[in-house]
Amino acid sequence: MNEKHKYSYHFTLIFTMILLCIIIHSLYDIFAEEEPEKEIQISAIIEDSSSPRWNSFLLGMEHAAKDFHADLTIVPTGRYESGKDGWDLVNKKIEDGADGIIFAPESSEDIPEFYENLMGESKIIFVENEMQMDENTFYPSIMMLPDYKEMGKRIVEDIKEDFGADLKNKKFYLLTSCSKQIGVRDSMEYVKSKLLDEGCIFQKSIDIDLEDNKNYMKHGQADIIVAFDDYTLSYLAESIKSQRINHISLYGIGLSETNVNYLEERILKNLIVVNEFQMGYESLSILAESIRNHSIESKKYTVDFMSVRPEEIHNPKIEKLLFPIIQ
């Protein structure tokens, strides 16, 4: 075999082998079964987890768990005796091997203290409550929150729309059972400052004993009350209804079926409704991606909300927000 033929033979052999490898690899890609994505373990820890107040949030997480191949565990809880109770459950789920945790802490102030002492390397996303820390302190964390400041702005707009020029000298209360949350406090301060600018008379705010509120309402010491959480709002609405009080305009933030019913009965002037289905879905989806990418993105996300009037309840767009379970 001369040199020319020898070179041609070797070239043909190498080309054939390369072509054969490409064909085998292509056939493998076509016929080989795709290895299923590893299911990740995520636990959700929220106070009073069986409360209807969490229905939309839980539904959002469950939908995301199916879409992102996660095994979701809703840790059964009642009302906490202290903020530490929730953190104890976080550590317990980390010990049990959870890859990630969705956690609604009771207090913003507690987060840095307990965060430093967490065991293991599970990734955590905080919902509804952000971390309070000074400018020299940094903790890698993801936060999924309602847009508290924008909700405060919308409440003020609704009050001004209802009262117009008659707003001056109206007495108002700002009430909540969630005063340990930074966002709630910021929203309350915004509403307070804007109503004072309108000439309203500020009476009291933050955590007032709810039994005392009945006396404030009954004796005409309030014209406007704004409640900044679902529990407080439903309590006040029930008091107004049972005592047949008609001189108070009640506004607030909530989502429970109880408060939707009070809105429909026009006991509430408006209801600020957070898209908690979105909050649940995005919390789990972002956490799942973070776990699979072996990264933690320190970022604060905010979710949408709507201000709903009694006459708007049966608008199809609003019904979808209020009743996601029946969609």
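What counts and how
Residues numbered from 1 in each chain as written. Predicted model: local features only at pLDDT ≥ 70, side-chain atom pairs only at ≥ 80, totals over all residues. Heavy atoms only, no water. Axes fitted to C-alpha atoms, helices over the stretch in contact; angles between N-to-C directions. Helix = DSSP H or I, 4+ residues; strand = E, 2+ residues; numbered from the N terminus. Parallel < 35°, antiparallel > 145°, perpendicular 65-115°, else oblique. Left-handed = near helix turned anticlockwise from the far one by under 90°. Contact = heavy atoms within 4.5 Å. Core = buried A, V, L, I, M, F, W, Y, C linked by side-chain atoms within 4.5 Å. Buried < 20%, exposed > 50% of the residue type's maximum accessible area, 1.4 Å probe, protein only. Expected span 1.5 Å × (residues − 1). Polar contact = N/O pair within 3.5 Å; in protein donor to acceptor, adjacent residues only side chain to side chain. Pairing = 2+ DSSP bridges. pLDDT = per-residue confidence, 0-100. Phe/Tyr/Trp six-rings, centres within 6.5 Å; stacked < 30°, edge-to-face > 60°.

Draft legend 1. Main features of the packing of helix H5 (residues 148–163) against helix H6 (residues 182–197). In contact at an axis separation of 8 Å, H5 and H6 are set at 30° when each is read in the N-to-C sense. When the axes of H5 and H6 are compared, the pair comes out roughly parallel. When the axes of H5 and H6 are compared, the crossing they make is right-handed. Counted together, Tyr148, Lys149, Gly152, Lys153, Val156 and Ile159 of H5 and Gly183, Val184, Ser187, Tyr190, Val191, Lys194 and Leu195 of H6 form the full contact between these two elements.

Draft legend 2. Region of interest: the nonpolar core. Membership of the largest hydrophobic core comes to 48 residues, with the highest contact counts inside it found for Ile42, Phe57, Ile102, Ile159, Phe228 and Leu284. Those residues in contact with Phe228, other than ones at most four positions away along the chain, are Ile155, Leu174, Leu175, Thr176, Val184, Ser187, Met188, Val191 and Ile253. In terms of nonpolar packing, the next biggest core, distinct from the first, is built from 25 residues, Leu255, Leu263, Ile267 and Ile318 among them.

Draft legend 3. Expanded view of helix H8 (residues 230–242). A rise of 1.5 Å per residue sets the reference length of H8, with its 13 residues, at 18 Å; its end C-alpha atoms lie 18 Å apart and thus fit the reference within 8%. What H8 keeps buried is the set Asp230, Thr232, Leu233, Ser234, Tyr235, Leu236, Ala237, Ser239 and Ile240. Capping the start of H8 is the job of one residue whose side-chain oxygen sits 3.2 Å from the backbone nitrogen of Tyr231: Asp229. Among the residues trailing H8, Arg244 stands out with phi positive, at a value near 55°.

Draft legend 4. Spatial organisation of the side chain of Glu128. Structurally, Glu128 can be placed in the loop between strand E4 (123–127) and strand E5 (142–146). Its relative accessible area of 12% is what places Glu128 among the buried residues. Apart from residues no more than four positions distant in its own chain, Glu128 is found in contact with Arg53, Trp54, Met144, Leu145, Pro146, Tyr148, Gln181, Glu276 and Met279.

Draft legend 5. Molecular detail of the pairing of strand E1 (residues 40–45). E1 sits mainly inside the fold: five of its six residues count as buried. In the sheet, E1 pairs with strand E3 (residues 100–103) via four bridges, with the strands oriented parallel. Among the inter-strand pairings, Ala44 is bridged to a residue of E3, identified as Ile102.

Draft legend 6. Highlighting the pairing of E5. Burial within E5 is extensive, with five of its five residues counted as buried. Side chains of E5 alternate between two faces, with Ile142, Met144 and Pro146 and Met143 and Leu145 buried alike. In this sheet, E5 lies alongside E4 in parallel orientation, the contact comprising three bridges. Following the sheet pairing, Ile125 is matched in E5 by Ile142.

Draft legend 7. Layout of the sheet that holds strand E11 (residues 299–303). Here we have six strands laid out as an open sheet, ordered E2-E1-E3-E4-E5-E11, and parallel in their pairing. Where the open sheet ends on each side, the last strands, each with one partner, are strand E2 (70–74) and E11. The average undirected angle you get between the axes of adjacent strands in this sheet is 20°. In the packing of helix H3 (residues 84–95) onto the sheet, contacts are made with E1, E2, E3 and E4, and the angle to E3 comes to roughly 165°.

Draft legend 8. Geometry of the side chain of Asp229. Its location among the elements puts Asp229 in the loop between strand E8 (224–227) and H8. Asp229 has contacts with Thr176, Ser177, Cys178 and Ile253, leaving out every residue within four places of it along the chain.

Draft legend 9. Main features of the confidence of the model for the protein. For the protein, mean pLDDT is 81; residues scoring 70 or higher make up 74% of the total. By mean pLDDT, helix H7 (residues 210–218) is the weakest element of the protein at 56, and strand E9 (residues 249–252) is the strongest at 95.

Draft legend 10. Summary view of unusual backbone geometry. Notably, Arg244 is not glycine yet its phi reads approximately 55°, a positive angle. Position of Arg244 relative to the elements: it lies in the loop between H8 and E9. By relative accessible area, Arg244 is classed as exposed at 75%. Even without a glycine there, the phi angle at Arg266 is positive, about 65°. Counting through the fold element by element, Arg266 comes out in the loop between helix H9 (257–264) and strand E10 (271–274).

Draft legend 11. View of the packing of aromatic side chains. Overall, the coordinates contain six aromatic pairs when judged by the stated rule. Ring centres 6.2 Å apart and planes at 70° place the aromatic pair Phe68 and Tyr281 in the edge-to-face group. Taken together, the residues span a long stretch of sequence, with Phe68 in the loop between helix H2 (55–67) and E2 and Tyr281 in helix H10 (residues 276–292) at a distance of 213 residues. By relative accessible area, which is 24% here, Tyr281 ends up partly exposed. Between the aromatic rings of Phe172 and Phe202, the centroid separation amounts to 5.4 Å while the plane-to-plane angle is 50°, which identifies the pairing as tilted. Here the residue Phe172 occupies a position in strand E6 (residues 171–175), and Phe202 occupies one in strand E7 (residues 201–204), the gap between them amounting to 30 residues. Members of the aromatic cluster, connected to one another through ring pairs, are Trp87, Phe103 and Phe126.

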